[in-house]
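Secondary and tertiary structure notes
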Amino acid sequence: MRRAQSLSSYVVGRATLTAHESLAAASSTTAGVQNRLLQVALYNSSSSSAGPSRWFLQSIAACLGRSTRAVSLGLAGAISFSVAASAVIPEVYAKEPLSPEFLPKEVVLYQYEACPFCNKVKAFLDYHHIPYKVVEVNPLSKKEIKWSDYKKVPILTVDGEQLVDSSDIIDKLAQRINPDKSVDSLSDDEERKWRRWVDNHLVHILSPNIYRTTSEALESFDYITSNGNFSFTERLSVKYAGAAAMYFVSKNLKKKYNITDERAALYEAAETWVDALDGRDFLGGSKPNLADLAVFGVLRPIRYLKSGRDMVENTRIGDWYARMEEAVGESSRIKSIEQ
Ligand SMILES: N[C@@H](CCC(=O)N[C@@H](CS)C(=O)NCC(=O)O)C(=O)O
(Lines give C-alpha, C1' and ligand atoms only; values in the text may rest on other atoms or scores of the structure.)
Protein backbone atom coordinates (compact mmCIF):
# COMPACT_ATOMS: atom_id res chain seq x y z
CA MET A 1 0.00 0.00 0.00
CA ARG A 2 2.86 2.35 0.83
CA ARG A 3 4.45 1.65 -2.53
CA ALA A 4 1.14 2.22 -4.22
CA GLN A 5 0.89 5.58 -2.54
CA SER A 6 4.32 6.63 -3.68
CA LEU A 7 3.76 5.66 -7.29
CA SER A 8 0.51 7.53 -7.35
CA SER A 9 2.18 10.56 -5.83
CA TYR A 10 4.88 10.30 -8.43
CA VAL A 11 2.52 10.94 -11.28
CA VAL A 12 0.38 13.47 -9.54
CA GLY A 13 3.37 15.11 -7.91
CA ARG A 14 5.19 15.61 -11.18
CA ALA A 15 2.06 16.96 -12.70
CA THR A 16 1.50 19.38 -9.86
CA LEU A 17 4.94 20.89 -10.29
CA THR A 18 3.90 22.43 -13.56
CA ALA A 19 0.19 22.61 -12.98
CA HIS A 20 -0.01 26.27 -12.02
CA GLU A 21 2.08 27.43 -14.94
CA SER A 22 0.30 25.28 -17.48
CA LEU A 23 -3.15 26.05 -16.20
CA ALA A 24 -2.47 29.76 -16.18
CA ALA A 25 -1.58 29.62 -19.85
CA ALA A 26 -4.34 27.23 -20.73
CA SER A 27 -7.16 28.99 -18.90
CA SER A 28 -7.08 31.84 -21.41
CA THR A 29 -7.71 29.46 -24.28
CA THR A 30 -10.95 28.12 -25.65
CA ALA A 31 -10.16 24.90 -23.84
CA GLY A 32 -10.55 26.69 -20.53
CA VAL A 33 -13.59 24.71 -19.47
CA GLN A 34 -11.88 21.41 -20.12
CA ASN A 35 -8.83 22.62 -18.29
CA ARG A 36 -10.89 23.40 -15.24
CA LEU A 37 -12.37 19.92 -15.36
CA LEU A 38 -8.89 18.51 -15.63
CA GLN A 39 -7.71 20.66 -12.75
CA VAL A 40 -10.50 19.33 -10.57
CA ALA A 41 -9.68 15.80 -11.61
CA LEU A 42 -6.00 16.34 -10.98
CA TYR A 43 -6.42 17.61 -7.47
CA ASN A 44 -9.10 15.04 -6.70
CA SER A 45 -6.79 12.32 -7.81
CA SER A 46 -4.09 13.54 -5.47
CA SER A 47 -6.40 13.43 -2.49
CA SER A 48 -8.18 10.19 -3.26
CA SER A 49 -6.50 6.89 -2.76
CA ALA A 50 -9.23 4.65 -3.98
CA GLY A 51 -10.67 3.47 -7.22
CA PRO A 52 -9.58 2.37 -10.61
CA SER A 53 -8.27 5.76 -11.67
CA ARG A 54 -5.57 5.47 -9.07
CA TRP A 55 -4.63 2.02 -10.26
CA PHE A 56 -4.62 3.19 -13.82
CA LEU A 57 -2.40 6.17 -13.10
CA GLN A 58 -0.06 3.89 -11.24
CA SER A 59 0.05 1.67 -14.26
CA ILE A 60 1.04 4.66 -16.34
CA ALA A 61 3.58 5.75 -13.74
CA ALA A 62 5.29 2.40 -13.81
CA CYS A 63 5.78 2.61 -17.53
CA LEU A 64 6.62 6.28 -17.46
CA GLY A 65 8.99 6.05 -14.52
CA ARG A 66 11.16 3.44 -16.08
CA SER A 67 10.81 4.94 -19.47
CA THR A 68 12.15 8.31 -18.44
CA ARG A 69 15.22 6.54 -17.18
CA ALA A 70 15.62 4.10 -19.97
CA VAL A 71 13.65 4.73 -23.04
CA SER A 72 10.42 6.57 -23.37
CA LEU A 73 7.01 7.16 -22.08
CA GLY A 74 5.07 4.15 -23.12
CA LEU A 75 1.65 5.56 -22.80
CA ALA A 76 0.93 5.29 -26.42
CA GLY A 77 0.77 1.57 -25.92
CA ALA A 78 -2.05 2.00 -23.46
CA ILE A 79 -4.35 2.89 -26.22
CA SER A 80 -3.52 0.05 -28.39
CA PHE A 81 -5.93 0.22 -31.23
CA SER A 82 -7.23 -2.87 -32.76
CA VAL A 83 -6.70 -1.96 -36.35
CA ALA A 84 -9.22 -3.56 -38.60
CA ALA A 85 -7.68 -5.78 -41.15
CA SER A 86 -8.97 -5.48 -44.65
CA ALA A 87 -11.12 -8.35 -45.71
CA VAL A 88 -8.98 -9.11 -48.72
CA ILE A 89 -5.26 -8.98 -48.23
CA PRO A 90 -3.25 -8.69 -51.40
CA GLU A 91 -0.90 -11.60 -51.63
CA VAL A 92 2.09 -9.32 -51.80
CA TYR A 93 1.25 -7.90 -48.37
CA ALA A 94 -0.03 -11.11 -46.85
CA LYS A 95 1.08 -12.15 -43.40
CA GLU A 96 4.09 -14.34 -43.02
CA PRO A 97 2.55 -17.70 -42.20
CA LEU A 98 4.68 -20.01 -40.14
CA SER A 99 5.09 -23.57 -41.01
CA PRO A 100 3.39 -25.54 -38.21
CA GLU A 101 6.65 -27.12 -37.08
CA PHE A 102 7.92 -23.67 -36.01
CA LEU A 103 4.70 -22.58 -34.40
CA PRO A 104 5.12 -22.53 -30.60
CA LYS A 105 2.47 -24.35 -28.63
CA GLU A 106 1.98 -21.65 -26.03
CA VAL A 107 3.02 -18.02 -26.15
CA VAL A 108 2.17 -15.69 -23.27
CA LEU A 109 2.88 -11.97 -23.28
CA TYR A 110 3.19 -10.26 -19.90
CA GLN A 111 2.54 -6.65 -20.60
CA TYR A 112 1.22 -3.24 -19.67
CA GLU A 113 -1.21 -1.93 -22.23
CA ALA A 114 0.71 1.32 -21.63
CA CYS A 115 3.95 -0.03 -22.94
CA PRO A 116 5.15 0.70 -26.49
CA PHE A 117 7.73 -2.06 -26.26
CA CYS A 118 4.91 -4.52 -25.69
CA ASN A 119 3.20 -3.20 -28.81
CA LYS A 120 6.32 -3.83 -30.86
CA VAL A 121 6.28 -7.43 -29.78
CA LYS A 122 2.59 -7.69 -30.58
CA ALA A 123 3.17 -6.34 -34.09
CA PHE A 124 5.69 -9.13 -34.69
CA LEU A 125 3.38 -11.81 -33.30
CA ASP A 126 0.41 -10.50 -35.27
CA TYR A 127 2.34 -10.28 -38.51
CA HIS A 128 3.57 -13.84 -38.17
CA HIS A 129 0.16 -14.96 -36.99
CA ILE A 130 1.57 -16.50 -33.84
CA PRO A 131 -1.32 -16.92 -31.38
CA TYR A 132 -0.58 -15.47 -27.96
CA LYS A 133 -2.25 -14.92 -24.65
CA VAL A 134 -1.88 -11.69 -22.76
CA VAL A 135 -1.40 -11.23 -19.04
CA GLU A 136 -1.91 -7.64 -17.95
CA VAL A 137 0.64 -7.04 -15.20
CA ASN A 138 -0.25 -5.02 -12.14
CA PRO A 139 2.55 -2.44 -12.06
CA LEU A 140 2.46 -2.12 -8.28
CA SER A 141 2.53 -5.67 -7.05
CA LYS A 142 3.85 -7.13 -10.29
CA LYS A 143 2.49 -10.32 -8.84
CA GLU A 144 1.91 -11.74 -12.31
CA ILE A 145 5.68 -11.70 -12.94
CA LYS A 146 6.79 -12.61 -9.43
CA TRP A 147 8.08 -15.84 -10.88
CA SER A 148 10.64 -13.91 -12.93
CA ASP A 149 13.84 -12.12 -11.92
CA TYR A 150 13.18 -9.61 -14.67
CA LYS A 151 11.05 -6.78 -13.36
CA LYS A 152 9.98 -5.08 -16.57
CA VAL A 153 7.56 -5.80 -19.35
CA PRO A 154 7.32 -7.14 -21.94
CA ILE A 155 8.17 -10.67 -20.91
CA LEU A 156 7.26 -13.35 -23.38
CA THR A 157 7.13 -17.00 -22.53
CA VAL A 158 7.43 -19.35 -25.45
CA ASP A 159 6.61 -22.90 -24.51
CA GLY A 160 7.79 -22.12 -21.01
CA GLU A 161 11.00 -20.34 -22.00
CA GLN A 162 11.28 -16.76 -20.76
CA LEU A 163 12.30 -14.03 -23.22
CA VAL A 164 12.82 -10.44 -22.08
CA ASP A 165 13.46 -7.03 -23.67
CA SER A 166 11.37 -6.25 -26.72
CA SER A 167 14.20 -6.17 -29.25
CA ASP A 168 15.77 -9.33 -27.84
CA ILE A 169 12.40 -11.03 -27.82
CA ILE A 170 11.86 -10.15 -31.46
CA ASP A 171 15.39 -11.25 -32.40
CA LYS A 172 14.91 -14.57 -30.66
CA LEU A 173 11.51 -15.16 -32.20
CA ALA A 174 12.91 -14.27 -35.63
CA GLN A 175 15.70 -16.77 -35.07
CA ARG A 176 13.26 -19.40 -33.93
CA ILE A 177 11.12 -19.10 -37.02
CA ASN A 178 14.16 -19.00 -39.29
CA PRO A 179 16.25 -21.77 -37.79
CA ASP A 180 18.29 -22.23 -40.95
CA LYS A 181 19.63 -18.70 -40.94
CA SER A 182 22.38 -17.24 -38.78
CA VAL A 183 21.48 -14.39 -36.43
CA ASP A 184 23.58 -11.95 -38.47
CA SER A 185 21.92 -12.85 -41.73
CA LEU A 186 18.48 -12.26 -40.27
CA SER A 187 18.82 -8.50 -40.39
CA ASP A 188 21.03 -5.98 -42.12
CA ASP A 189 22.65 -2.74 -40.95
CA GLU A 190 19.86 -0.59 -42.30
CA GLU A 191 17.21 -2.58 -40.48
CA ARG A 192 19.17 -2.48 -37.23
CA LYS A 193 19.73 1.26 -37.56
CA TRP A 194 16.02 1.99 -37.92
CA ARG A 195 15.05 -0.31 -35.11
CA ARG A 196 17.40 1.69 -32.87
CA TRP A 197 15.83 4.90 -34.19
CA VAL A 198 12.44 3.67 -33.04
CA ASP A 199 13.66 3.00 -29.49
CA ASN A 200 15.88 6.03 -29.14
CA HIS A 201 13.91 8.65 -31.01
CA LEU A 202 10.45 7.84 -32.26
CA VAL A 203 8.94 6.63 -29.00
CA HIS A 204 9.95 9.83 -27.19
CA ILE A 205 7.85 11.95 -29.52
CA LEU A 206 4.58 10.08 -29.11
CA SER A 207 3.37 10.98 -25.64
CA PRO A 208 3.90 14.74 -25.93
CA ASN A 209 1.71 14.49 -29.03
CA ILE A 210 -1.18 12.46 -27.70
CA TYR A 211 -1.41 14.60 -24.55
CA ARG A 212 -0.51 17.86 -26.30
CA THR A 213 -3.75 19.70 -25.55
CA THR A 214 -6.46 19.07 -23.02
CA SER A 215 -8.81 17.86 -25.74
CA GLU A 216 -6.20 15.49 -27.12
CA ALA A 217 -5.45 14.17 -23.63
CA LEU A 218 -9.17 13.56 -23.15
CA GLU A 219 -9.45 11.90 -26.53
CA SER A 220 -6.60 9.56 -25.61
CA PHE A 221 -8.12 8.67 -22.26
CA ASP A 222 -11.57 8.37 -23.74
CA TYR A 223 -10.26 5.60 -25.91
CA ILE A 224 -8.46 3.98 -22.99
CA THR A 225 -11.46 4.04 -20.75
CA SER A 226 -13.94 2.93 -23.37
CA ASN A 227 -11.81 -0.11 -24.05
CA GLY A 228 -11.17 -0.99 -20.44
CA ASN A 229 -13.36 -2.78 -18.00
CA PHE A 230 -14.81 0.21 -16.17
CA SER A 231 -18.20 1.12 -14.81
CA PHE A 232 -19.70 4.40 -15.93
CA THR A 233 -18.46 6.22 -12.82
CA GLU A 234 -15.06 4.62 -12.94
CA ARG A 235 -14.74 5.54 -16.58
CA LEU A 236 -15.31 9.22 -15.88
CA SER A 237 -12.88 9.28 -13.00
CA VAL A 238 -10.13 7.52 -14.93
CA LYS A 239 -10.72 9.64 -17.98
CA TYR A 240 -10.40 13.00 -16.28
CA ALA A 241 -7.73 12.12 -13.72
CA GLY A 242 -5.61 10.36 -16.31
CA ALA A 243 -5.98 13.06 -18.92
CA ALA A 244 -5.15 15.75 -16.37
CA ALA A 245 -2.05 14.03 -15.08
CA MET A 246 -0.73 13.16 -18.49
CA TYR A 247 -1.40 16.58 -19.94
CA PHE A 248 1.04 17.99 -17.39
CA VAL A 249 3.51 15.13 -17.42
CA SER A 250 3.79 15.41 -21.21
CA LYS A 251 4.99 18.99 -20.79
CA ASN A 252 7.86 17.72 -18.66
CA LEU A 253 8.66 15.09 -21.25
CA LYS A 254 8.94 17.74 -23.92
CA LYS A 255 11.57 19.51 -21.85
CA LYS A 256 13.38 16.30 -21.06
CA TYR A 257 13.73 15.37 -24.71
CA ASN A 258 14.25 18.93 -25.97
CA ILE A 259 11.11 18.92 -28.04
CA THR A 260 9.90 22.42 -28.75
CA ASP A 261 7.12 21.66 -31.21
CA GLU A 262 5.84 18.14 -30.73
CA ARG A 263 3.75 18.06 -33.90
CA ALA A 264 6.64 19.30 -36.01
CA ALA A 265 8.81 16.59 -34.42
CA LEU A 266 6.20 13.96 -35.24
CA TYR A 267 5.87 15.11 -38.84
CA GLU A 268 9.63 15.24 -39.20
CA ALA A 269 9.95 11.70 -37.87
CA ALA A 270 7.26 10.50 -40.30
CA GLU A 271 9.00 12.19 -43.22
CA THR A 272 12.36 10.81 -42.11
CA TRP A 273 10.88 7.34 -42.16
CA VAL A 274 9.37 7.80 -45.63
CA ASP A 275 12.75 9.06 -46.86
CA ALA A 276 14.32 5.93 -45.42
CA LEU A 277 11.92 3.81 -47.48
CA ASP A 278 13.44 5.42 -50.56
CA GLY A 279 10.57 4.45 -52.83
CA ARG A 280 10.24 0.90 -51.54
CA ASP A 281 6.90 -0.43 -50.32
CA PHE A 282 8.56 -1.38 -47.06
CA LEU A 283 12.01 -0.90 -45.63
CA GLY A 284 12.23 -4.64 -46.14
CA GLY A 285 11.39 -4.23 -49.84
CA SER A 286 8.31 -6.10 -50.97
CA LYS A 287 7.48 -7.18 -47.40
CA PRO A 288 7.94 -5.67 -43.96
CA ASN A 289 11.14 -6.28 -42.07
CA LEU A 290 11.68 -5.88 -38.34
CA ALA A 291 12.15 -2.12 -38.64
CA ASP A 292 8.82 -1.77 -40.47
CA LEU A 293 7.16 -3.79 -37.72
CA ALA A 294 8.81 -1.70 -34.99
CA VAL A 295 7.72 1.64 -36.49
CA PHE A 296 4.26 0.29 -37.14
CA GLY A 297 4.01 -1.22 -33.65
CA VAL A 298 4.71 2.03 -31.84
CA LEU A 299 2.60 4.17 -34.20
CA ARG A 300 -0.43 1.92 -34.22
CA PRO A 301 -1.81 3.22 -30.91
CA ILE A 302 -1.82 6.82 -32.07
CA ARG A 303 -2.87 6.37 -35.68
CA TYR A 304 -6.55 7.15 -35.17
CA LEU A 305 -6.08 9.78 -32.49
CA LYS A 306 -5.85 13.39 -33.56
CA SER A 307 -2.06 13.29 -33.58
CA GLY A 308 -2.06 10.24 -35.84
CA ARG A 309 -4.69 11.68 -38.13
CA ASP A 310 -2.70 14.91 -38.36
CA MET A 311 0.44 12.94 -39.07
CA VAL A 312 -1.18 11.07 -41.94
CA GLU A 313 -2.79 14.24 -43.34
CA ASN A 314 0.38 16.29 -43.18
CA THR A 315 3.07 13.85 -44.16
CA ARG A 316 3.66 11.14 -46.74
CA ILE A 317 3.52 8.26 -44.26
CA GLY A 318 -0.11 7.25 -44.94
CA ASP A 319 0.53 4.95 -47.89
CA TRP A 320 3.19 2.97 -46.05
CA TYR A 321 0.99 2.80 -42.96
CA ALA A 322 -1.95 1.46 -45.01
CA ARG A 323 0.31 -1.20 -46.52
CA MET A 324 1.43 -2.17 -43.03
CA GLU A 325 -2.17 -2.46 -41.84
CA GLU A 326 -2.87 -4.85 -44.67
CA ALA A 327 0.30 -6.82 -44.13
CA VAL A 328 -0.06 -7.20 -40.37
CA GLY A 329 -3.79 -7.84 -40.44
CA GLU A 330 -5.81 -8.87 -37.45
CA SER A 331 -4.40 -9.50 -34.01
CA SER A 332 -3.50 -13.08 -33.27
CA ARG A 333 -4.11 -12.56 -29.56
CA ILE A 334 -6.29 -15.38 -28.38
CA LYS A 335 -7.52 -14.45 -24.93
CA SER A 336 -6.62 -12.68 -21.73
CA ILE A 337 -5.69 -14.61 -18.67
CA GLU A 338 -7.46 -13.26 -15.61
CA GLN A 339 -5.09 -13.10 -12.66
N1 LIG B 1 14.32 -2.06 -23.13
C2 LIG B 1 13.12 -2.64 -22.61
C3 LIG B 1 12.32 -1.57 -21.91
C4 LIG B 1 11.14 -2.15 -21.21
C5 LIG B 1 10.54 -1.15 -20.23
O6 LIG B 1 11.16 -0.15 -19.86
N7 LIG B 1 9.34 -1.44 -19.83
C8 LIG B 1 8.68 -0.64 -18.82
C9 LIG B 1 7.25 -0.47 -19.20
S10 LIG B 1 7.05 0.63 -20.58
C11 LIG B 1 8.76 -1.37 -17.49
O12 LIG B 1 8.44 -2.52 -17.41
N13 LIG B 1 9.19 -0.70 -16.45
C14 LIG B 1 9.37 -1.31 -15.16
C15 LIG B 1 8.27 -1.11 -14.20
O16 LIG B 1 7.16 -0.87 -14.58
O17 LIG B 1 8.50 -1.24 -13.01
C18 LIG B 1 12.35 -3.28 -23.75
O19 LIG B 1 12.56 -2.88 -24.92
O20 LIG B 1 11.55 -4.21 -23.51
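It should be noted that the structure appears before, not after, this text.
A brief look at the structure comes next.

Rules behind the numbers
- Residues numbered from 1 in each chain as written.
- Predicted model: local features only at pLDDT ≥ 70, side-chain atom pairs only at ≥ 80, totals over all residues.
- Heavy atoms only, no water.
- Buried < 20%, exposed > 50% of the residue type's maximum accessible area, 1.4 Å probe, protein only.
- Helix = DSSP H or I, 4+ residues; strand = E, 2+ residues; numbered from the N terminus.
- Contact = heavy atoms within 4.5 Å.
- Polar contact = N/O pair within 3.5 Å; in protein donor to acceptor, adjacent residues only side chain to side chain.
- Expected span 1.5 Å × (residues − 1).
- Core = buried A, V, L, I, M, F, W, Y, C linked by side-chain atoms within 4.5 Å.
- Axes fitted to C-alpha atoms, helices over the stretch in contact; angles between N-to-C directions.
- Parallel < 35°, antiparallel > 145°, perpendicular 65-115°, else oblique.
- Nonpolar A, V, L, I, M, F, W, Y, C, P; charged D, E, K, R; others polar.
- Pairing = 2+ DSSP bridges.
- Salt bridge = Lys/Arg side-chain N within 4 Å of Asp/Glu carboxyl O.

Most of helix α11 (residues 290-299) sits out of view: 10 of its 10 residues are buried. If you check which residues of α11 are buried, you get Leu-290, Ala-291, Asp-292, Leu-293, Ala-294, Val-295, Phe-296, Gly-297, Val-298 and Leu-299. Check the buried side of α11 and you find it contacts α4 (116-127), α5 (166-177), α7 (189-210), α10 (262-277), α12 (306-314) and α13 (318-328). With a side-chain oxygen lying 2.9 Å from the backbone nitrogen of Ala-291, the N-terminal cap of α11 falls on Asn-289.

In this section: α4. Between its terminal C-alpha atoms α4 stretches 17 Å, which fits the 16 Å expected from 12 residues at 1.5 Å a residue. Across the 12 residues that make up α4, a large majority, 12, are buried. Those residues of α4 not exposed but buried are Pro-116, Phe-117, Cys-118, Asn-119, Lys-120, Val-121, Lys-122, Ala-123, Phe-124, Leu-125, Asp-126 and Tyr-127. Once α4 finishes, His-129 follows within two positions and takes phi at roughly 55°, a positive value.

Summarising the element assignment, Glu-262 is placed in helix α10. Polar contacts involving the side chain of Glu-262 include one to the side chain of Lys-254, which spans 3.2 Å. Ignoring anything within four residues of it in the chain, the contact list for Glu-262 reads Ile-205, Pro-208, Asn-209, Arg-212, Lys-251 and Lys-254.

What follows is about the nonpolar core. Soluble globular proteins tend to bury their nonpolar side chains together. Counting 65 residues, the largest nonpolar core has Phe-124, Leu-156, Trp-273, Leu-299 and Trp-320 as its most contacted members. Those residues in contact with Trp-273 that sit more than four places away from it in its chain are Trp-194, Trp-197, Leu-283, Ala-291, Asp-292, Val-295, Ile-317 and Trp-320. Tyr-110, Tyr-112, Cys-115 and Val-153 belong to the second-largest nonpolar core, a separate cluster that totals 11 residues.

We now examine the packing of α11 against α13. Contact geometry of α11 with α13 gives a least axis separation of 11 Å together with a crossing angle of 95°. As judged from the angle between their axes, α11 and α13 are roughly perpendicular. Across the interface between the two elements, Asp-292, Leu-293, Val-295, Phe-296 and Leu-299 of α11 pack against Trp-320, Tyr-321, Met-324, Glu-325 and Val-328 of α13. Looking at the contact of α11 with α13 residue by residue, the class counts come to 8 nonpolar, no polar and 2 charged.

The next point concerns the pairing of strand β1 (residues 107-111). Within a regular strand, the side chains alternate between the two sheet faces. With 5 of 5 residues buried, β1 lies mostly within the body of the structure. Alternating residues of β1 divide into Val-107, Leu-109 and Gln-111 and Val-108 and Tyr-110, and every residue in both groups is buried. Here 4 bridges tie β1 to strand β3 (residues 155-158), and the two strands are oriented antiparallel to one another. By the bridge assignment for β3, Val-108 is matched with Thr-157. Of the pairings in the sheet, the one linking β1 to strand β2 (residues 132-136) comprises 4 bridges and is parallel in character. Considered in β2, the bridge of Leu-109 is made with Val-134.

This structure, assessed with the given rule, holds 17 salt bridges. A salt bridge links Glu-216 to Arg-212; the nearest nitrogen and oxygen atoms lie 2.8 Å apart. Three or more residues are tied together by salt bridges with common partners; here these are Arg-212, Glu-216, Arg-263, Lys-306 and Asp-310.

Function cannot be inferred from these measures alone, as they are strictly geometric.
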